[in-house]
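# Architecture at a glance
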Amino acid sequence: MVARLLSRTNSWLTTHTCKMSSDVLSGREVTIPVPWGVIAGKEWGSSSTSGVPWISVHGWLDNAGSFDTLAPLFPAGHRLLCLDYPGHGHSSPLPPGQVYHYLESISCIRRVADHMGWQKFGLLGHSMGGGMCSLYAATYPEHVEALIMLDLVKPSSRRVDEVVERTRNAVQAALDIEKKLKEKPEKVYKTEEEALGRLLDSANFMHGENAVTEASARTMLKRGLKPSSCGSGFVFTRDLRHRVPSLYGLPGEFLQEFARNIKCPHLLVKATKSQDYDSPELIQKILEIYSQNPDFLVATVEGSHHVHLNSPQLVAPEIESFVSKYFKPE
């Protein structure tokens, strides 16, 4: 079985690596003006204006580099804009005194689409980004031609019986981290290797041992690390306010309603060595709702939460099969 899978993967890579040509955007830097600064990103794929546009959003505390290994394998004839979500990578953080809210991701995606002049586009998201893309697809179904979610079934829910306590905790955490950032500068790592070790330790803690390979971590550090202002080392680029628990959350019933309103072709790719981030009952209910969409597909691949980054050759064929089914070459 493993031998057949490796043979299929190697054959697919050989075929698709040969498709690279001079009209391909290989991670071109993009900046999009917003009222608080810029949203940065990287553009991959077809440079032709006729290329099918996609907007891609990464996971929590990651950055656009999360797609650096998968993007070159995206189907030919498509144009993939991978964002640094605000407060990550090269994108501007929110102004002081403000905090990040999950639902505001909808307006963030809309701002990008409007700036690019895209009335219709696909959405690709990993983890947090997958949840954000699903909310957009439900809210603006007339814009979204296809939705691909990598290793997240749905955004995290909030139970009614915990709303008061979590609201209090979110407000206090936001005030505490604001005070901390004023009184104590963010930790400076003397070398890139020291920062790399910290990133790997965090990934192991959150997602399990070896969930992110060293090569993958180095890839994300290209946008996730910058020289410190004191000039004596490096600091992470992500805004610490992203660690604050969200002030607002959506109950399971709300998420079910969003799920019902996803009308476009929809692919969910789940990793075998990853968690579901919610109760099994709610996960099953959401999957049942998704399944009412005749264009909903599920694929399972061997790997951890960052399998799209660690082993893109396992995820890319699933995307190619999905995309080729719903997008016919011109």
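To start, this report covers the structure provided alongside it. (Residues numbered from 1 in each chain as written. Predicted model: local features only at pLDDT ≥ 70, side-chain atom pairs only at ≥ 80, totals over all residues. Heavy atoms only, no water.)

## Regarding the overall build of the protein
In plain terms, the rule: Secondary structure follows DSSP: runs of H or I at least 4 residues long count as helices, runs of E at least 2 residues long count as strands, and numbering of each begins at the N terminus. For this measure, only C-alpha atoms enter the radius of gyration; the expected value for a globule follows 2.2 Å times N^0.38, where N is the number of residues. Under the scheme applied here, a residue whose accessible area is under 20% of the maximum for its type counts as buried, over 50% as exposed, and between as partly exposed, the area being computed with a 1.4 Å probe on protein chains only. We call two residues in contact whenever any of their non-hydrogen atoms come within 4.5 Å of each other. The Shrake-Rupley method, run with a 1.4 Å probe, gives the accessible areas here. Residue values count only the displayed protein chains as cover.
For the protein, the helix and strand inventory stands at 10 helices and 10 strands. Relative to its length of 330 residues, the protein is compact, with a C-alpha radius of gyration of 20 Å against a globular reference of 20 Å. Expressed along its principal axes, the backbone C-alpha trace of the protein runs to roughly 55 × 45 × 45 Å. For the protein, with 330 residues in total, the buried portion stands at 51%. For the protein, the proportion of contacts with a sequence separation of at least 24, taken over those separated by at least 6, is 76%. Summing over all exposed atoms, the protein offers an accessible surface of approximately 16,100 Å²; the carbon and sulfur share of this is 55%.

## Structural notes on the environment of Leu267
By the element assignment, Leu267 lies in strand β9 (residues 266–271). A relative accessible area of 3% places Leu267 in the buried class. Sequence separation of Leu267 and Glu318 is 51 residues, and the distance between their C-alpha atoms is 8.8 Å. Excluding anything up to four places from it in sequence, Leu267 contacts Leu147, Ile148, Met149, Leu297, Ala299, Glu318, Ile319 and Phe322.

## Structural notes on the packing of helix α2 (residues 105–116) against helix α3 (residues 128–139)
Selection criterion: To obtain each axis, a line is fitted to C-alpha atoms, and for helices this fit is confined to the stretch in contact; angles are then taken between N-to-C directions over 0 to 180 degrees. Angles are sorted into four bins: roughly parallel if under 35 degrees, roughly antiparallel if over 145, roughly perpendicular if 65 to 115, and oblique for all others. Any residue outside Ala, Val, Leu, Ile, Met, Phe, Trp, Tyr, Cys, Pro, Asp, Glu, Lys and Arg is labelled polar, Gly included; the first ten of those are nonpolar and the last four are charged.
Between α2 and α3, whose axes approach to 9 Å, the crossing angle comes to 75°. Regarding the angle of α2 to α3, the classification is roughly perpendicular. The residues of α3 that touch α2, namely those facing Ser105, Ile106, Ile109 and Arg110, are Met132, Cys133, Leu135, Tyr136 and Thr139. Classifying every residue of the contact of α2 with α3 gives six nonpolar, two polar and one charged.

## Points about the pattern of salt bridges
Side chains that carry opposite charge are capable of pairing whenever their charged atoms lie near each other. Using the following cut-off: Salt bridge criterion: a side-chain nitrogen from Lys or Arg within 4 Å of a carboxyl oxygen from Asp or Glu.
The full count for this structure, using the stated rule, is 18 salt bridges. Taking the shortest distance from any N to any O, the salt bridge between Glu193 and Arg218 comes out at 2.9 Å. Of the two residues, Glu193 sits in helix α5 (residues 192–207) while Arg218 sits in helix α6 (residues 214–224), which places them 25 residues apart along the sequence. In this structure, a network of salt bridges that share partners links the residues Arg159, Asp161, Glu162 and Arg166.

## Overview of the environment of Leu196
Along the chain, Leu196 turns up in helix α5. Classification of Leu196 as buried rests on a relative accessible area of 3%. Taking the C-alpha atoms as reference points, Leu196 and Gly131, 65 residues apart in sequence, are found 27 Å from one another. Aside from chain neighbours lying at most four places away, what touches Leu196 is Glu214, Ala217, Arg218 and Leu221.

## Quick notes on the packing of aromatic side chains
Rules: Here a pair means two rings of Phe, Tyr or Trp (six-membered ring of Trp) with centres within 6.5 Å. Their orientation is stacked below 30 degrees between planes, edge-to-face above 60, and tilted elsewhere. Two limits define a charge over a ring: the Lys NZ or Arg CZ must be within 6 Å of the ring centre, and within 35 degrees of the ring normal.
Counted according to the given criterion, the structure contains seven aromatic pairs. Pairing Trp54 with Phe74 gives two aromatic rings, centres 5.3 Å apart and planes at 75°, and the pair type is edge-to-face. One end of the pair, Trp54, is in strand β3 (residues 52–57); the other, Phe74, is in the loop between β3 and β4 (78–83), with 20 residues separating them in the sequence. When its relative accessible area of 0% is taken as the criterion, Trp54 is described as buried. On the basis of relative accessibility, which here comes to 10%, the residue Phe74 falls in the buried class. Measuring from centroid to centroid gives 5.9 Å for Phe121 and Tyr136, while their planes differ by 45°, and the two rings are tilted. In this pair, Phe121 is assigned in strand β5 (residues 121–126) and Tyr136 in helix α3, connecting sequence segments 15 residues apart. Residue Phe121 is classed as buried on the basis of its relative accessible area, which comes to 0%. With a relative accessible area of 0%, Tyr136 lands in the buried category. Taken together, the ring pairs connect Trp54, Phe74 and Phe327 into an aromatic cluster. If you follow Lys187 out to its NZ or CZ, it ends over the ring of Tyr189, 5.1 Å from the centre.

## A closer look at a nonpolar patch on the surface
To keep things clear, this is the line we draw: Patch rule: a residue counts if its relative accessible area is over 30% and it has no salt bridge; like charges are joined within 9 Å, and nonpolar side chains (Val, Leu, Ile, Met, Phe, Trp, Tyr) within 5 Å.
Taken together, the side chains of Trp60, Phe205 and Met206 define a hydrophobic patch exposed on the protein surface, amounting to about 350 Å² of accessible area. Following the sequence through the fold, Trp60 ends up in the loop between β3 and β4. On the basis of relative accessibility, which here comes to 34%, the residue Trp60 falls in the partly exposed class.

## Considering the nonpolar core
Here is the rule we go by: We define a nonpolar core as any set of buried Ala, Val, Leu, Ile, Met, Phe, Trp, Tyr and Cys residues linked to one another through side-chain atoms lying within 4.5 Å.
Counting residues in each nonpolar core, the largest one holds 40 residues, and the members touching the most others are Ile55, Ile109, Phe121, Leu123, Leu147 and Tyr290. Per element, the largest residue contribution to this core is seven residues, and it comes from α3. Contact partners of Tyr290, with chain neighbours within four places excluded, come to Met149, Val153, Lys154, Ala259, Ile262, His266 and Phe296. Counting 27 residues, the second-largest nonpolar core is a separate cluster that includes Leu70, Leu124, Leu150 and Ala271.

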